[in-house]
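# Coordinate analysis (summary)
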Amino acid sequence: MEFNALVVDKDEEKNITSSQVKKIDVSQLPEGDVLVNVEFSNVNYKDGLCIGPGAGLVKTYPHVPGIDFAGEVESSQSDLYKKGDKVILTGWRVGEVVWGGYSQKARVKASQLVKMPQGMSSKEAMSMGTAGFSAMLAIMRLEELGMKKENGEVLVTGATGGVGSVAVVILSNLGYEVAAVTGKKSSKDYLLSLGAKKLVDRSELHEVIKRPLESAAWGACVDTVGGDTLSRLLGQLKYGASVAVVGNAGGNNISASAIPFMLRGINMLGIDSAMQPFENRVKIWDRLNKDFPKKFFEPITKVISLSDLPNIGKDILEGKIKGRVIVDVNI
Ligand SMILES: NC(=O)c1ccc[n+]([C@@H]2O[C@H](COP(=O)([O-])OP(=O)(O)OC[C@H]3O[C@@H](n4cnc5c(N)ncnc54)[C@H](OP(=O)(O)O)[C@@H]3O)[C@@H](O)[C@H]2O)c1
């Protein structure tokens, strides 16, 4: 039985990759106990890497990327799922080391799936995907560490990106005053419409300064940028505040002083969405269902087809994407 998928192949001699929509057969899919008719996938930063040269994430070619998908179970050898169940997959290195969601069918392990929350559609789930899941995980970790509205503004970096946009919406909806950091001057209206109260120009946080402490400004932070931005904002966190370290869109390396940790008791929280245990996944999706208002799905989302993916993959790596790009695999 043949169907469409985005297949990335590599010319080993020339060391170049290329991607195009091809017909593949169900027998080519990886091993697993649940076969899913994929309805929607989406585009995350990691997908950008996997559509291109893979940056070490893709181990073998040909490869079908797509780290997220949502759809309907076609057949299942697991007691956990039956034909017709709506399911979501994010992470577990699906789409990186095994074939993923840029395909009309996907086969995975039952333990990697979660059931679609009540009232959520596949399209809505993929407007969230790994980006929304990570934003919610970051917010839940900040809550555990005592984030409170009365502690003051919450900073979100890379605010127009996928993780950033969802974080701005959820935090604003929960009643936090959100300060959104962006490098896209033209996106002011977009961020204000998502609920941000204040915009901070990216360049203000990029500048490296030698002083370990600046005036204490932020009650918490969701950071998707890393690098110099993260180094700088550590010295701007209020007493006892935490930063959830989600991303590295601006770099991996940070030069941190121990002073804000010792004198202000700040915390850096590591966020990993890919390997979250099943129980946490269910809680995170329930919170997304509850705390992300449905009216924001449309404004943050752009829909594309499988054949649009090669170009969008480049754009996300260059920080050009605003909000979430979702992939309707059947158009
Ligand atoms: N830990 C996890 O489990 C997890 C899960 C998902 C994503 N991530 C990571 O989180 C980051 C964001 O992912 P995403 O899907 O939201 O990507 P995205 O949609 O591309 O968003 C990244 C945003 O960061 C800003 N940015 C880009 N390049 C920058 C630079 N050089 N310096 C400063 N800011 C820059 C841009 O926003 P502005 O123009 O508004 O500044 C961009 O839109 C990525 O590094 C991704 O790998 C991690």
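Reading the values: rules and limits
- Residues numbered from 1 in each chain as written.
- Predicted model: local features only at pLDDT ≥ 70, side-chain atom pairs only at ≥ 80, totals over all residues.
- Helix = DSSP H or I, 4+ residues; strand = E, 2+ residues; numbered from the N terminus.
- Buried ≥ 20, exposed ≤ 12 C-beta atoms within 10 Å, placed from the backbone.
- Contact = placed C-beta atoms within 7 Å.
- Axes fitted to C-alpha atoms, helices over the stretch in contact; angles between N-to-C directions.
- Parallel < 35°, antiparallel > 145°, perpendicular 65-115°, else oblique.
- Left-handed = near helix turned anticlockwise from the far one by under 90°.
- Nonpolar A, V, L, I, M, F, W, Y, C, P; charged D, E, K, R; others polar.
- Domains from an automatic or database assignment.
- Near = placed C-beta within 6 Å.
- Pairing = 2+ DSSP bridges.

## Considerations on the environment of glycine 226
Structurally, the position occupied by glycine 226 is in the loop between strand 11 (220-223) and helix 6 (227-234). The class of glycine 226 is buried, set by 20 C-beta atoms lying within 10 Å. Put simply, glycine 226 and glycine 251 are 25 residues apart on the chain and 5.7 Å apart in space, counted from C-alpha to C-alpha. In this view, glycine 226 contacts Val245, Gly247, Asn248, Gly250, Gly251, Asn252 and Ile254; residues no more than four positions away in its chain are not counted.

## Quick look at the packing of helix 2 (residues 122-144) against helix 3 (residues 162-173)
Between helix 2 and helix 3, the least distance of the axes is 8 Å, while the angle of their chain directions is 50°. In this view, helix 2 runs oblique relative to helix 3, as classed from their interaxial angle. Helix-helix and strand crossings are classified by hand; for helix 2 and helix 3 the assignment is right-handed. Along its contact with helix 2, which presents Met128, Ala131, Gly132, Ser134, Ala135, Met136, Ala138 and Ile139, the element helix 3 presents Gly162, Val163, Val166, Ala167, Ile170 and Leu171. Of the residues in the contact of helix 2 with helix 3, the class split is 11 nonpolar, 3 polar and no charged.

## A short note on the domain arrangement of the protein chain
By the assigned domains, the protein chain splits into domain 1 (2-116 + 293-328) and domain 2 (131-270). Each of domain 1 and domain 2 has a C-alpha centre, and the two are 29 Å apart.

## Here's the deal with the site of the ligand
Taken together, 32 residues are adjacent to the ligand, and Gly158, Gly161, Gly247, Gly250 and Gly319 come closest. For the shell around the ligand, the secondary structure elements donating two or more residues are helix 1 (45-51), helix 2 and helix 3. Viewed by domain, the shell around the ligand spans two of them, domain 1 (2-116 + 293-328) and domain 2 (131-270), each represented by three or more residues.

## Concerning the packing of helix 2 against helix 8 (residues 278-291)
Taken N-terminus to C-terminus, the directions of helix 2 and helix 8 make an angle of 95°; their axes are 9 Å apart at the nearest point. In terms of orientation, helix 2 lies roughly perpendicular with respect to helix 8. Note on element contacts: helix 8 touches helix 2 through Ile284, Arg287 and Leu288, opposite Met128, Gly132, Phe133, Met136, Leu137 and Met140. Across the contact of helix 2 with helix 8, the residue classes tally to 7 nonpolar, 1 polar and 1 charged.

## Focus: the sheet that holds strand 11
Ordered by their spatial adjacency, 6 strands build an open sheet running 10-9-8-11-12-13, and the pairing between neighbours is parallel. A strand with exactly one partner marks an edge of an open sheet, and here the two such strands are strand 10 (198-201) and strand 13 (267-270). Strand-to-strand twist across the sheet, computed as the mean angle between neighbouring axes with direction ignored, equals 20°. Across the sheet, helix 3 touches strand 8 (154-156), strand 9 (178-182) and strand 11, and the angle it forms with strand 8 is around 160°.

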